[in-house]
Amino acid sequence: MLADDHPVVLKGLSLALAKDGLATIAGEAQSPDELLALLLDTPCDALITDFSMPAPGRDGLALLAELRGRFPALPVMVITTLANPALYREILATGVLGLIGKSGDAREIPEALVEIVSNHVYLGSSVRALLGAPPGTPMGKSGTLADLSPREVTILRLFAGGNSVTDIARETGRGLSTISQQKTNAMRKLGLETDAEIFEYIDRLRL
């Protein structure tokens, strides 16, 4: 089963998988609702889905969590334009077996499909490079939201909401150096290096 809100991407995936008769496309969806309805009616051996398909409250991590809850045995591969190590770990923590960047080599998709239907984890080369994982190394839940303290989560949420470190110190009644250190600790735990990555991470988690 394929899911992506861009018809051109669906066509590309179909061509990549049809080569050498590797797979038969059981169905295609262009939205989360369409995908979930299709999965209820159409048997398939694996799902390849985009991470971001416009659907308020039901795309991204929310969709992956729903898929895991409703179809726990279905091998899922995610393809994405994201380049955020913390979000990669959150995606993998939902039970996804395959994770590939859309900017990567298209030949990775058939390779990944073979692996995930055998219940093996497959990370694309661009994903491994960002996570610092050697080939064949599965990534666990380390470096996810669960590793942060409640205060670190609060600081990142406030920062992503447009507050400066000084603003957060004033609002929380804590010292500037304490807030700065907790922000730094949170970024280190998540593997984030820039403020832009914080904004993207918090936005996708909808905290």
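Further up the page is the structure itself.
Residues numbered from 1 in each chain as written. Predicted model: local features only at pLDDT ≥ 70, side-chain atom pairs only at ≥ 80, totals over all residues. Heavy atoms only, no water.

(A) Focus on the environment of Ala169. Mapped onto the fold, Ala169 is located in helix α8 (residues 165-172). It is 9.2 Å that separates the C-alpha atoms of Ala169 and Ile155, two residues lying 14 residues apart in sequence. Aside from chain neighbours lying at most four places away, what touches Ala169 is Arg174, Gly175, Leu176 and Ile179. (Helix = DSSP H or I, 4+ residues; strand = E, 2+ residues; numbered from the N terminus. Contact = heavy atoms within 4.5 Å.)

(B) Quick look at the nonpolar core. Within the largest apolar cluster, 45 residues are counted, with the highest numbers of intra-cluster contacts made by Leu35, Leu67 and Ile91. If we ignore the near neighbours within four places in the chain, the residues touching Leu67 are Leu35, Leu36, Leu39, Leu47 and Pro72. The next biggest cluster of nonpolar side chains, apart from the first, holds 15 residues, and it includes Leu13, Ala46, Met77 and Ile100. (Core = buried A, V, L, I, M, F, W, Y, C linked by side-chain atoms within 4.5 Å. Buried < 20%, exposed > 50% of the residue type's maximum accessible area, 1.4 Å probe, protein only.)

(C) Representation of helix α5 (residues 108-116). Taken residue by residue, α5 has Glu108, Ile109, Pro110, Ala112, Leu113 and Ile116 as its buried positions. In the core, the buried residues of α5 are packed alongside α1 (7-18), β3 (47-50), β4 (76-80), β5 (98-101), β6 (122-123) and α6 (125-131).

(D) Local environment of the pattern of salt bridges. Applying the stated criterion to the full structure yields six salt bridges. Linking Arg70 and Glu66 is a salt bridge whose minimum nitrogen-to-oxygen distance equals 2.9 Å. Of this pair, Arg70 and Glu66 both sit in helix α3 (residues 60-70), four residues apart, roughly one helical turn. Note that Asp195 is salt-bridged to Lys183, the shortest N-O span being 3.2 Å. (Salt bridge = Lys/Arg side-chain N within 4 Å of Asp/Glu carboxyl O.)

(E) How the structure looks around the sheet that holds β4. Reading across the sheet, the six strands line up as β2-β1-β3-β4-β5-β6 and stay open at both edges, with parallel pairing between neighbours. Looking at which strands have only one partner, the edges of the open sheet turn out to be β2 (28-29) and β6. Where strand β1 (residues 2-3) meets β3, two bridges bridge the pair, whose relative direction is parallel. By the bridge assignment, Ala3 is partnered in β3 with Thr49. Across the sheet, helix α4 (residues 85-93) touches β4, β5 and β6, and the angle it forms with β5 is around 150 degrees. Sheet strands in contact with α5 are β3, β4, β5 and β6, and its direction is about 155 degrees off that of β4. (Pairing = 2+ DSSP bridges. Axes fitted to C-alpha atoms, helices over the stretch in contact; angles between N-to-C directions.)

(F) The arrangement of unusual backbone geometry in detail. Of note, Asn119 is a non-glycine position whose phi angle comes to about 65 degrees, a positive value. Inspection of the secondary structure assignment puts Asn119 in the loop between α5 and β6.

(G) Fine view of the packing of aromatic side chains. Evaluated as defined, the whole model comprises one aromatic pair. When the centroid spacing of 5.5 Å and the interplanar angle of 10 degrees are considered together, the rings of Phe159 and Phe199 count as stacked. Note that Phe159 is positioned in helix α7 (residues 150-160) and Phe199 in helix α10 (residues 195-205), a separation of 40 residues in sequence. You can call Phe159 buried: its relative accessible area is 11%. Taking relative accessible area as the criterion, Phe199 reaches 38% and is therefore assigned partly exposed. The ring of Phe159 carries the charged tip of Lys183 above its face, separated from the ring centre by 4.6 Å. (Phe/Tyr/Trp six-rings, centres within 6.5 Å; stacked < 30°, edge-to-face > 60°. Lys NZ or Arg CZ within 6 Å of the ring centre and 35° of its normal.)

(H) Representation of the environment of Ile179 in the model. Note that Ile179 resides in helix α9 (residues 176-190). A residue is classified by how much of its surface remains accessible, and Ile179, at 0% relative accessible area, is buried. Taking the C-alpha atoms as reference, Ile179 lies 37 Å from Val121; in sequence the two are 58 residues apart. If we ignore the near neighbours within four places in the chain, the residues touching Ile179 are Ile155, Val165, Ile168, Ala169, Thr172 and Arg174.

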